[in-house]
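# Structural description and commentary
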Amino acid sequence: MITQRQNDILSIIVELFTQTHEPVGSKALQSYISSSSATIRNDMAALEKVGLLEKAHTSSGRLPSRQGFQYYVSHLLNLERVDEGDAYQVIKAFDFEFFKLEDVLKKASDVLAELTACTAITLDVEPSNQRLSAFDIVKLSHHDALAVMTFDDSNTVTSQFAIPKNFLDEDLLVLSRLVRERFLGQTVMEIHYRIRTEIPQIVQRYFKTTDNVLELFEHIFKEMFVEKIFLSGKENLLKYSDDQTYRLMDKIQELALMIRQQFHEEEAYVIRLADEDKQGFEALSQLSYKFLIPYRGFGNLTLLGPVTMDYKRSMGLLNIVSRVLTIKLADFYRYLSSNHYEVN
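Only a predicted model underlies this, so the values are computations on that prediction, with no experimental measurement involved.

Thresholds applied
Residues numbered from 1 in each chain as written. Predicted model: local features only at pLDDT ≥ 70, side-chain atom pairs only at ≥ 80, totals over all residues. Heavy atoms only, no water. Helix = DSSP H or I, 4+ residues; strand = E, 2+ residues; numbered from the N terminus. Rg over C-alpha atoms; globule rule 2.2 N^0.38 Å. Buried < 20%, exposed > 50% of the residue type's maximum accessible area, 1.4 Å probe, protein only. Contact = heavy atoms within 4.5 Å. Areas by Shrake-Rupley, 256 points an atom, 1.4 Å probe, with all protein chains shown as cover. Domains from an automatic or database assignment. Pairing = 2+ DSSP bridges.

### So, the overall build of the chain
Looking only at helices and strands, the chain features 13 helices and 10 strands. Radius of gyration (C-alpha) of the chain: 26 Å, far over the 20 Å computed for a compact globule of 344 residues. Its C-alpha atoms put the chain at 90 × 40 × 35 Å along the principal axes. Counting only residues that meet the buried cut, the chain has 49% of its 344 residues in that class. Considering only contacts within the chain whose residues lie at least 6 apart along the sequence, 62% involve residues at least 24 apart. When the accessible surface of the chain is summed, it comes to about 17800 Å², and 48% of that surface belongs to carbon and sulfur atoms.

This is the structure we're talking about:
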């Protein structure tokens, strides 16, 4: 059974170690704990005995074990604590006008990577939950056209396609009208289902040859499930990971899926410590935090770093950035609905 004083000692050692990366001795702890040096040493020995601290080889100080870090994030980490200096830096960084959703989401990952020296990732609302709000086809030449899809009034996706040889301009208009009638206001998952079930019967009423039309539907809408991922600080991985983990950052669609799989629907955040016996994603500590995107759903902020990362400061920064993002995005969508912004 760990006493309250031992909890305090472990918490202080973890926080000092993540700032200095130096072993912590009993004398340093006396500035924080109102007990004798001997009492503190006894408590440190008790924490070492249960596996929460490790003895440093080069000094009499102690450092947190992996189990100690896990205990700290599970029992001692104050998720509501916010540093005023960090709050100022974040608010200052977001003090700019933006006209596209991508700009503010990219800024979030840039700020987190810069302030934590970790790798930061921002995810938009999960694609399958987004709704198609606008659709148009722009003819580029006699042979090619561009489908322009807007999801949730802000996320624009384009898909270039070859116009089937037997298509007339009127056929493109019919195709566009069918999409608007059947798909506008539907989620990506609902559209995917309708392409498989309703569309094969419907196109028979309007097109003599249906195979190329069905293939066209598949081609145009295959981009719906592609995640928009904003990654910053990839080079930071070189400080604390191997080449395999570094190369994993190039597989961004897989990375997004890994991050989302860590969450249960009702969870607001995830803290997962690195597994020293694993490689790739499992070899990194992961801090993930949901943030509200007004009128649309939830995005995700994630930090990837070593097991010795500064969990207190990093979670505080995730908290601050998520709040600022929600405020900025609420303003963005209010202006968007008032036609103050034009989204390209």
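### Section: the domain arrangement of the chain
Interfaces are often sized by the amount of accessible area the parts lose when they come together. As far as domains go, the chain holds domain 1 (4–76), domain 2 (84–126 + 228–338) and domain 3 (131–225). Each of domain 1 and domain 3 was reduced to a C-alpha centroid, and the two centroids are 61 Å apart.

### Side note on the pairing of strand β3 (residues 119–123)
Residues in a regular strand project their side chains so that they alternate between the two faces of the sheet. The element β3 is extensively covered by neighbouring structure, given that 5 of its 5 residues are classed as buried. Of the two faces of β3, the one carrying Thr-119, Ile-121 and Leu-123 and the one carrying Ala-120 and Thr-122 are both buried. Bridge count between β3 and strand β10 (residues 297–305): 5 bridges; the pairing is antiparallel. Residue Ala-120 lies in a different strand from β10, and its bridge partner there is Leu-303. Note that β3 and strand β7 (residues 229–232) share 4 bridges and pair antiparallel. If you follow Thr-122 over to β7, its bridge partner there is Phe-230.

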